[in-house]
Amino acid sequence: MDAYKLMKELRVNYEQEVFYLPKETGLVLIESSTRDDSRISAKCRDVQVEDLWSLTSFFGYSTQTFVLAVNLLDRFLAMMRIQPKHLSCVSLSCLHMAAKVTEEECDVTSSDELIRIGQARFTASDLCRMEKIVSEKLDFKSKPITALTFLQLYHQIALSHSMDRKETLSLEKLEAQLKACLCRISFSKAKVGIQRSDWITAAQSSNEFLQNIAACLKLTIFLSILFSTQPSVLALSLLRQQIVAVQSEDMLEIASHIQRHLKIADGELRLWSERVAQCLSDYASPECSKPNHRKLQWIVSRRTAQNLHCSRSVPELPTIPEGGWGESESEDSCEDVMSSGEESLSSSLGSDAEGPYFPLHYRQQKDRGHLLA
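Here is what the cut-offs are and how they apply
- Residues numbered from 1 in each chain as written.
- Predicted model: local features only at pLDDT ≥ 70, side-chain atom pairs only at ≥ 80, totals over all residues.
- Heavy atoms only, no water.
- Helix = DSSP H or I, 4+ residues; strand = E, 2+ residues; numbered from the N terminus.
- Contact = heavy atoms within 4.5 Å.
- Areas by Shrake-Rupley, 256 points an atom, 1.4 Å probe, with all protein chains shown as cover.
- Buried < 20%, exposed > 50% of the residue type's maximum accessible area, 1.4 Å probe, protein only.
- Polar contact = N/O pair within 3.5 Å; in protein donor to acceptor, adjacent residues only side chain to side chain.
- Axes fitted to C-alpha atoms, helices over the stretch in contact; angles between N-to-C directions.
- Parallel < 35°, antiparallel > 145°, perpendicular 65-115°, else oblique.
- Left-handed = near helix turned anticlockwise from the far one by under 90°.
- Nonpolar A, V, L, I, M, F, W, Y, C, P; charged D, E, K, R; others polar.
- Salt bridge = Lys/Arg side-chain N within 4 Å of Asp/Glu carboxyl O.

1. Details of the overall build of the protein
1) Next: Summing up its helical and strand segments, the protein has 17 helices and 0 strands in all.
2) Next: In the protein, the share of contacts with a sequence separation of at least 24, taken over all contacts with a separation of at least 6, comes to 77%.
3) Next: Carbon and sulfur atoms make up 53% of the accessible area of the protein, which totals about 21900 Å².

And the structure:
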């Protein structure tokens, strides 16, 4: 696709992205809720999204599936008042709906398998009913426009204007960084809620705020820029950060051209670029909570393992003629099969665990697994 068609498609998506944003009032209520409330808190939402990231990597789903699932989850939570005990069912329903839209039919895991691996406490019929509720409430008929939509378009536009620098911008790296940002509810909000104390401080600093119309107008314009964001701005912030990291002047000019084309204010882009940088910095720190793949490993006691071993039925096999295989060779082959079977589940961290841009937490975990083996 040539540059003109890409820019035209970019403009169309930019005008339609507002229809796929979560309701501002609903997300503000989520952020203002505490653990004592009966509503979903921001912490609960973030933890659930991290679990969706783990499941996405475990089943080998694409980034598009994860981003779509988060979009459906946030829009539904912002629209409906959900009790914490139902959050797991809602999130897995969104993931299953997203997978059926973006993945090949043969690659979509079954409802029973999704519930079992997700360690949820509901049935497949509960999951099916919840999918219908989510689909009806969100009028889910087509793929929504998300930050990943813009990230992929930005990447194509950048490469189409500088063919000699293809290796400098990694789409895989951008997608992994986008996942980290979406694990924080602040990057899913159409507008960030303004606390009452902020208005009081602003009023005091503007010299009788209510009586000064000029100051009121200036502050309103400033707050509209400061506290509004869209998926297109988040994606452009991620792109600019990587361009600055690779020190490419020509690509930085391309990013500036995209900014002018979409009429994104400098202050808005600067603000969210700083927030993206802070989020990724916090995410890379060892104190930050990250998706934990170890939760997906089955851990059973010795007694349970013995019961499983005794109850397992072994089919009758035909007798192997003597001289067909050497005894040592057959034993070695059985050991190979057992070792490969044991290794497949524990080491399946997905493609996200590769690359220098991914948090050190996963790479160290994978290295320890190889050492123990």
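2. Description of the side chain of serine 91
1) Next: Structurally, the position occupied by serine 91 is in helix H5 (residues 87-102).
2) Next: Taking relative accessible area as the criterion, serine 91 reaches 0% and is therefore assigned buried.
3) Next: Looking at serine 91, its side chain comes within polar contact range of the side chain of glutamine 48, at 2.9 Å.
4) Next: When residues no more than four places from it in sequence are discounted, the contact partners of serine 91 are Gln48, Leu52 and Leu73.

3. Details of the packing of helix H4 (residues 63-79) against H5
1) Next: At a minimum axis separation of 8 Å, H4 and H5 run at an interaxial angle of 135°. Here H5 runs oblique to H4, going by the angle between their axes. Of the two possible hands of crossing, H4 and H5 adopt the one that is right-handed. Here Gln64, Thr65, Leu68, Ala69, Leu72, Leu73, Phe76 and Leu77 of H4 lie close against H5, whose contacting residues are Leu87, Val90, Ser91, Cys94, Leu95, Met97, Ala98, Ala99, Val101 and Thr102.
2) Next: Classifying every residue of the contact of H4 with H5 gives 14 nonpolar, 4 polar and no charged.

4. Brief notes about the pattern of salt bridges
1) Next: One pass over the full model with this rule turns up 8 salt bridges.
2) Next: Between glutamate 15 and arginine 11 there is a salt bridge, and its shortest N-O distance comes to 3.6 Å. Pair noted here: glutamate 15 and arginine 11 are both in helix H1 (residues 3-16), with a separation of 4 residues, about one helical turn.
3) Next: Put simply, lysine 100 and glutamate 131 hold a salt bridge, and the shortest N to O gap is 2.8 Å. Here glutamate 131 lies in helix H7 (residues 124-138) and lysine 100 lies in helix H5, a separation of 31 residues in the sequence.

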